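For reference, the chains in residue letters:
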Amino acid sequence: MSESADRPGENVAGEADAANCAGKYMTFKLTNECYGLGILDVREIIRLMDITPIPRVAGHISGVINLRGSVIPIMDLRVRFGMPRTEPTDQTVIIVVQHRGRDGGVTMGILVDEVMEVLDIAAGQIAPPPELGDSEAFADFVLGVGKVESRVVFLLDIGKVIHSPEVLEIAGART
Amino acid sequence: MEDPALRPLLEDIVARSLAATADDRAALEDIVTRLGDLIAKCGDEDDGARRVFVAARANLNDVLAGEALDASATLASVVRSLATVRDAGESPPASRDAEDPSPGGPLVLDEFIDEEIFGNFLSGATLVVEEIESDILAMEADDPAAARDLRGRVHTLKGDSGTLGLRDLEFVCHALEDYLDREVPPAARIRALLEARDWMSGALEAHARMRRPEEPGEAMAARLFAAPAESPSTAPVPASAEAPATPTAGPKAPVWDEDTLEVIGEFLQESEEGLARVDEILLSLEGSEADPESVNELFRVFHTMKGVASFLGLDEITRLAHSTETLLNLVRTHERTLDGALLELVFDATEATRRLRAAVRSSVETGHELESDAALPALLDRLERCRTGDPEGEAESPGSESATSLSIEPSPDPSPGGRPEPTHGNGPLSGEPRPVPSAAAPPKPGRDGVRIRQTVKVDVDRVDQLVNMIGELVIVESMLVNAAGVAEIGEPRIRDYLGQLKKATRDLQDVGMRMRMVPVRSVFQKMARMVRDLSHRTGKAVRLTTAGEWTEMDRSMVEQIEDPLVHMIRNAVDHGIESPDRRSAAGKPPVGEIRLSAYHESGNIVIEITDDGPGLNRNAILEKARANGLIGETEPVSDADVFDLIFAPGLSTAARVTEVSGRGVGMDVVKRNIKAMRGRVNVSSEPGHGTRFKIVLPLTLAIIDGMLVACGPERYVVPILSIVESIQVDASMHRTMGGKHDMVEVRGELLPLVRIDRLFGVEGAKSEITSGLVVIVEGVGRKVGLLIDDVITQQQVVIKNVGEGIESTPFVSGAAILSDGLVGLILNVEEICSVVSNRTAVGHGAVREGVAVPEALLAG
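Residues numbered from 1 in each chain as written. Chains lettered and ligands numbered in written order. Predicted model: local features only at pLDDT ≥ 70, side-chain atom pairs only at ≥ 80, totals over all residues.

**What about the overall build of chain A?**
In plain terms, the rule: A run of H or I in DSSP becomes a helix once it reaches four residues, and a run of E becomes a strand once it reaches two; helices and strands are each numbered from the N terminus. Residues with at least 20 other C-beta atoms within 10 Å of their own are called buried, those with 12 or fewer are called exposed, and the rest are partly exposed. The C-beta atoms themselves are positioned from the backbone.
Across its full length, chain A carries five helices and eleven strands. Counting across all 175 residues of chain A, residues that qualify as buried make up 39%.

Structure below.
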């Protein structure tokens, strides 16, 4: 098995190929929806800790934290997906992801409402992302839709979630 | 050499020349005669081999006539070129290269060359090529030692590339050596040498990518000799330390400059490591079969030693290493086995090399002349006999030999009351008595002894790792010292320990930082070369003088500073210096001067570029800036403001700049690069007298002194270096401009005030100016007041990236982990100052460096 096939969430060709998406996913909740991140991109899950806000950056960047000596940015996935911000609860956690992109690796914390279990999703259980029309940038983040038992899991393309056009746009305007 | 019948002849000649020493006239004459024979038998066919023979004969004749610059080196090069032909077998070098005429094709290395050797060679060779460049430039400046140094370096490079089978490089080095013997007009010579140098560095780059150079070595060599005025060598010997009248290998006066001493230090260190390794291998080999890898390693140690020693002019070590290497090569090619007498011989050679090393060290440290080692000829003789398979030589009892070596160690001291002259057991092969060292003239008054610096080579990654860990330690230390419970401990003993911990941490940090420091010299050298080229291309006479090139700065910064310097110096030559005519008309010397200097100033590194050109044209810049809308039509502006505009991107397209008066191509990039290094650049200029750029850089990229300030619930770090003072403002100092811009008047000076809470959208900060604190900071040559709530403490912080996932963080230059483990942001004072002063100087909506002026500032 080649490495890319080993890495769900890594969508090199840019099109969702259900066979490529098959694998283990860390699933978590945002509001009452269920999402999945390729397990190989997840480094660890940490408790919510004090976040130092960074002024004048995109709204979905909550700030930075000290992860054992490294400074890593935290993204509020709710804000990223255009959902309302909420107060953190006991269940709120940070999923630390390490994504290896074309220009080196990025480590980032993703703020989510609640982590669930790790699911092994077979190719046959994955459908292509839904067509939502061009206004929904959200669809871009989704590699495919997994259906496990009666649950629906949106499998995320972590590369796109991190290197979003929105962030680039803002950066472009500033440089 | 088509005729196989010639091979034995060649073998014989190679063997003889290997045995010969540069002062052995009889042997050399014999070789010349034999070479003549060989050439005659080659017939008229002008193949590569014949050319090599002819060249070899010419070189040997030079040696005999006492005209060779360095007889031993010449002899060694002859031996090598002959051996190359021999090793090439049926196909001499020229046709061998023709077999694989694919310039830019893949580079195929011999099997015994592993990646590490090749990597070492490449990095070493790259340095050598840099040195070659500075030699060439020194030759242009009539430095008599430069030609000799150059030859030595080229020679070493030739040897190394030959060993590794890099034929192109070897060929060019060889051609260069020949070329150096020719009489060529100085200007043409320098040009040709520089071309060859450029080719070399291109070739090395190609090799690093495992390709052959685009232009084959032959083509480069041909270009070299295509230059006019060839008259075969009557080698004009530049004033050299060696008198031709005494072609004997008398003790050479050690005239070593600082650079060379450094190389010697490295050599002594490395050779010691190498010899220790040799011992280790030899011991492991005793009583067992020699495996090829060990033999290769032995070979490499001696080979490397030979290369460096020959470059340093340490003849004896060179000769010994050469003989040993040759012998080991026979083992490598399975003509001999490494056992018994041969093993013993290599042991002896190692011992003798140690002795020679020790002699070099003491010579350098005491300033006495370097003495010849009396036992050496005997050892060389044994090595040679062993190589030729002379039974007598092999039968030689090693016992008597080592006894001899012992009796003469350490090398005799020629000073009055010195030890009795040693006797040596075996006469040299030639039968001619070799000059004994103490028979030479009494030593010249010795220089003062110099301590040779010892060094250890360490992987850069490891150093970086160490520095990072020190950074962590600094944080933990400050966390500990400031921890709530600890700060309250009154127990003197514990306070004392904490104090010691603090001191040790600081010292460690200091040492760690210094480990990464390297001199800026390498960059300066590149600039010297560039100025020279530019000066030729533009037809302006420009001279670059440098100062403080040994000033050290962080390794990574030395790399980063290169680009900005290239831009600025190119600008200085292109636009800063006038043509010779105009200079003369202005009453200046025709040769323009650019001065590049580096020095330390209050904990910073300063690099200055000064030219003596016409200076910046204030009015033209101002006009342009007004035309571009960077500055309002009637606004009065200071000189500093105007000159600073040359860094603005709006003024940086070439066409405009040439109109304006020059300066500015890529200056915005320059500024950006320097800012990225947390440095700043100031420009000052005096009409008619020139322009000065002053680049101020922090000592290191990793750690800064910061002042931790509070603003509402947030904390920020302000770099101490940019802080002028902190003041409590009372109502009488507060002014507003246009009803909304806050200003603060400090001792008559009106400074713009930035409310950090508004800039950063922080809630809960003190809004009254009089209740907070104003920190006056200076950046881009301007002062600005920052309104904050309070100063918390002052501490060193390790700068971290804010995070790769965030593309841009305005007004924040980095993050730091504070003593409570949380992250604090480091303010980018330069950016704040430049935006604020832009607002006040230029007016609303002005955009500078692409940063939109935030509302908070405009509506301050």
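**Some words on the overall build of chain B**
For clarity, the threshold we go by: Contact between two residues is assigned when their C-beta atoms, built from the backbone, lie within 7 Å.
If you tally the helices and strands in chain B, you get 30 helices and 18 strands. A total of 860 residues make up chain B; the buried ones form 43% of that total. Across chain B, contacts joining residues at least 24 apart in sequence account for 70% of those joining residues at least 6 apart.

**Details of helix H14 (residues 340-366) of chain B**
So the rule is basically this: Working rule for helices: expected span equals 1.5 Å times residues minus one.
With 27 residues, H14 of chain B ought to run about 39 Å at 1.5 Å a step, and its terminal C-alpha atoms sit 39 Å apart, in line with that. Just downstream of H14 of chain B, Gly367 of chain B is the residue with a positive phi angle, here 80°.

**Digging into helix H15 (residues 376-388) of chain B**
Residues and elements named next belong to chain B. Relative to the 18 Å expected for 13 residues at 1.5 Å per residue, H15 spans 18 Å between its end C-alpha atoms, a close match to the ideal helical length. Counting buried residues along H15, twelve of its 13 residues qualify, which places the element largely inside the surrounding structure. Regarding H15, the residues found buried are Leu376, Pro377, Ala378, Leu379, Leu380, Asp381, Arg382, Leu383, Glu384, Arg385, Cys386 and Arg387. Positive backbone phi, at 80°, marks Gly389, one or two positions downstream of H15.

**Examining the pairing of strand S2 (residues 33-38) of chain A**
Residues and elements named next belong to chain A. Condition: The pairing criterion is simple: DSSP has to find at least two bridges between the two strands.
Sheet topology note: the strand S1 (residues 23-30)/S2 ladder contains six bridges and is antiparallel. Following the sheet pairing, Lys29 is matched in S2 by Cys34. The antiparallel pairing of S1 with S2 creates a hairpin that spans two residues between the two strands, and Thr31 there sits at a positive phi of about 45°. Two strands pair when backbone bridges link them, and S2 and strand S11 (residues 151-156) are joined in this way by two bridges, in the parallel orientation. Looking across to S11, one finds that Tyr35 is bridged to Phe154.

**Regarding the sheet that holds strand S4 (residues 592-601) of chain B**
Pairing between the strands of a sheet comes from backbone hydrogen bonds, and it takes one of two forms, parallel or antiparallel. All names here are of chain B. Put simply, the rule reads: To define axes, lines are fitted to C-alpha atoms, for helices over the stretch in contact only, and angles between the resulting N-to-C directions are given on a 0 to 180 degree scale.
With mixed pairing, five strands are arranged side by side in an open sheet as S2-S4-S5-S7-S6. Each having just a single partner strand, strand S2 (542-547) and strand S6 (680-686) make up the two edges of the open sheet. Taking the axes of each pair of neighbouring strands and ignoring which way they run, one obtains an average angle of 15° across the sheet. Looking at chain direction, S6 and strand S7 (residues 690-698) are connected through seven bridges and run antiparallel. Its bridge partner lying in S7, Asn682 is registered against Lys694. Those strands touched by helix H21 (residues 521-538) are S2 and S4, and its axis lies near 170° from that of S2.

**Brief notes about the confidence of the model for chain B**
Residues and elements named next belong to chain B. To be explicit about the condition: You can read pLDDT as the predictor saying how much it trusts each residue, on a scale of 0 to 100.
For chain B, per-residue confidence averages 75 on the pLDDT scale, and 78% of positions sit at 70 or higher. Within chain B, the lowest mean pLDDT, 37, falls on helix H17 (residues 398-407), and the highest, 93, falls on strand S9 (residues 714-719). This model gives residues 229-253 a pLDDT under 50, and the stretch forms 50 contacts once residues within four places in sequence are excluded. Note that residues 652-665 has pLDDT below 50 and, in this model, 34 contacts with residues that lie over four places away or in other chains. The ipTM value of the predicted complex is 0.79, and its pTM value is 0.45.

**Describing the packing of helix H13 (residues 315-332) of chain B against H14 of chain B**
Residue and element names in this part refer to chain B. For clarity, the threshold we go by: If an angle is under 35 degrees, it is roughly parallel; if it is over 145, roughly antiparallel; if it lies from 65 to 115, roughly perpendicular; otherwise it is oblique. Crossing handedness: left-handed means the near helix sits turned counterclockwise from the far one by under a right angle, and right-handed means the same turn made clockwise. Gly is placed with the polar residues, together with every amino acid not listed as nonpolar (Ala, Val, Leu, Ile, Met, Phe, Trp, Tyr, Cys and Pro) or charged (Asp, Glu, Lys and Arg).
Contact geometry of H13 with H14 gives a least axis separation of 10 Å together with a crossing angle of 165°. The orientation of H13 with respect to H14, classified from their angle, is roughly antiparallel. The handedness of the crossing between H13 and H14 is left-handed. Residue-level inspection shows Glu316, Ile317, Leu320, Ala321 and Thr324 of H13 in contact with H14, the latter providing Val346, Ala349, Ala352, Thr353 and Leu356. The class makeup of the residues in the contact of H13 with H14 is seven nonpolar, two polar and one charged.

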